[in-house]
Amino acid sequence: MFESTVRTLSEELNSVDRILDGLTSEEWATSTRLIPVDEELAHWTILELAGHLEFAMNMVDTLIDGEIDEEPQLDPAGFFLVRRSEVAPIAYQHAYQTVGGRSADQMRESFSATCAATVKRVEATSPDLVGPAFFGPMRLDDFLVTRVVEAVVHGLDLTQALGREPVATSAGIEATAAVLDQLLARRSAGQRPADLSDDWKWVEAAAGRVPHGDQRLPLLG
């Protein structure tokens, strides 16, 4: 199971990396979806989106380096239970800090190196290692599932901004849909709407990337 999660994460990140590799300077400056936190953070460009995703992968190093002898407190769905309004400003600030004054070429090189290093390191680490995961201790194998969710959802942000077809893998979609199912069950003790039986349509709506009439959605910002 752990090996398949690592493989899925690697494939998702490689798909995003391939897109970033071919972008023009104008495309790097393209705005992604609206982020209604405050006026100064109205939109992320693709450059800033890449910075956010790179920071999300750097969190794997933080977890491994911070190994602790404690029981895990969170599973993948539990990681996303925190309300977006509580964490979004912090996440956005980290994105801008990760980008810093980097050019598009520098961001592309850094993103690629970080993703490759993340996969290589987890391959050499025990899946039951427990470390800090922002909101509480998590096992590495569970935390990697949340990184798959990040890669799938922000890969969707990337392709939507560029007007391209999604690049998420079937394994990545399945894993993300399962986490969102669990998240919905914990928040409302319910199931996904009947018209979202297709996992990809469920991911799009539950992640808030496609509008839906169900008042319980979106589950992610």
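Here the residue numbers are simple positions, counted from 1 along each chain's written sequence. Only residues with pLDDT of at least 70 are given local features in this predicted model, and only at 80 or more are side-chain atom pairs given and counted; all residues enter the totals for whole chains, interfaces and linings. Note that water and hydrogens are dropped before the side-chain values are worked out from all heavy atoms of the structure.

**Describing the overall build of the protein chain**
Then, in step 1: Within the protein chain one finds nine helices and four strands.
Then, in step 2: Helices (α) and strands (β) of the protein chain occur, in sequence order from the N terminus, as α-α-β-β-α-α-α-α-β-β-α-α-α.
Then, in step 3: Each radius of gyration is computed over the set of C-alpha atoms, and the globule rule expresses the reference value as 2.2 Å times the number of residues to the power 0.38. Against the 2.2 N^0.38 benchmark of 17 Å for 221 residues, the protein chain shows a C-alpha radius of gyration of 17 Å, consistent with a compact globule.
Then, in step 4: Projected onto the principal axes, the alpha-carbon positions of the protein chain cover approximately 45 × 45 × 30 Å.
Then, in step 5: Each residue is assigned to one of three classes by its accessible area relative to the maximum for its type, calculated with a 1.4 Å probe on protein chains only: buried under 20%, partly exposed between the two thresholds, exposed over 50%. Across the 221 residues that make up the protein chain, the buried fraction comes to 50%.
Then, in step 6: In the protein chain, the share of contacts with a sequence separation of at least 24, taken over all contacts with a separation of at least 6, comes to 72%. Helix numbering and strand numbering both begin at the N terminus, where a helix is a DSSP run of H or I of at least 4 residues and a strand a DSSP run of E of at least 2. Contacts are assigned to residue pairs with any non-hydrogen atoms lying within 4.5 Å of each other.

**Things to note about the confidence of the model for the protein chain**
Regions with low pLDDT carry predicted coordinates that are not meant to be interpreted in detail.
Then, in step 1: On average, the protein chain scores 91 in pLDDT, and the residues at 70 or more come to 90%.
Then, in step 2: Counting contacts from residues 35-42, a segment whose pLDDT is below 50, to residues more than four positions away or on other chains yields 14 contacts. In predicted models, pLDDT denotes the confidence assigned by the predictor to each residue on a 0 to 100 scale.

**Let's talk about a negative patch on the surface**
Then, in step 1: Two joining distances apply to patches: 9 Å for like charges and 5 Å for nonpolar side chains (Val, Leu, Ile, Met, Phe, Trp, Tyr), and every residue must have over 30% relative accessible area and no salt bridge. Reported accessibility uses the Shrake-Rupley method at a 1.4 Å probe radius. Residues are deemed covered only where the shown protein chains occlude them. One speaks of a salt bridge when a side-chain nitrogen belonging to Lys or Arg is within 4 Å of a carboxyl oxygen belonging to Asp or Glu. We treat Lys and Arg as the positive residues and Asp and Glu as the negative residues; His and chain ends play no part in the count. Charge placement uses NZ in Lys and CZ in Arg. For Asp and Glu, CG and CD serve respectively. On the surface, E67, D69, E70, E71 and D128 cluster together into a patch of negative charge.
Then, in step 2: By the element assignment, E70 lies in the loop between α3 (46-65) and α4 (76-79).
Then, in step 3: We classify E70 as partly exposed; its relative accessible area is 44%.

**Thoughts on the packing of aromatic side chains**
Aromatic ring pairs are described here by two measures, namely the spacing of the ring centres and the angle between the planes.
Then, in step 1: Ring pairs are drawn from Phe, Tyr and Trp, using the six-membered ring of Trp, whenever the two centres fall within 6.5 Å, and their geometry is named by plane angle: stacked under 30 degrees, edge-to-face over 60, tilted for the rest. For the structure on display, the rule yields four aromatic pairs.
Then, in step 2: Both rings, one in F79 and one in F80, keep their centres 5.1 Å apart while their planes meet at 85 degrees; by these two values the pair is edge-to-face.
Then, in step 3: Seen from their ring centres, F79 and F143 are 5.8 Å apart, and the 75 degrees between their planes marks the pair as edge-to-face. With F79 in helix α4 and F143 in helix α7 (residues 140-162), the pair connects residues that are 64 residues apart, well separated along the chain.
Then, in step 4: By relative accessible area, which is 6% here, F79 ends up buried.
Then, in step 5: Put simply, the rings of F79, F80, F134, F135 and F143 pair up and form one aromatic cluster.

**Here's the deal with the nonpolar core**
Then, in step 1: By nonpolar core is meant a set of buried Ala, Val, Leu, Ile, Met, Phe, Trp, Tyr and Cys residues that side-chain atoms within 4.5 Å join together. If you look at the biggest cluster of nonpolar residues, it comprises 63 residues, and the most contacted ones within it are L20 and W202.
Then, in step 2: Broken down by secondary-structure element, the contributors of at least two residues to this core are α1 (2-21), α3, α5 (84-99), α6 (104-123), α7, α8 (170-188) and α9 (199-206).
Then, in step 3: Sequence-distant contacts of L20, defined by excluding residues within four places in its chain, comprise W28, I46, A50, R108, F111 and L158.

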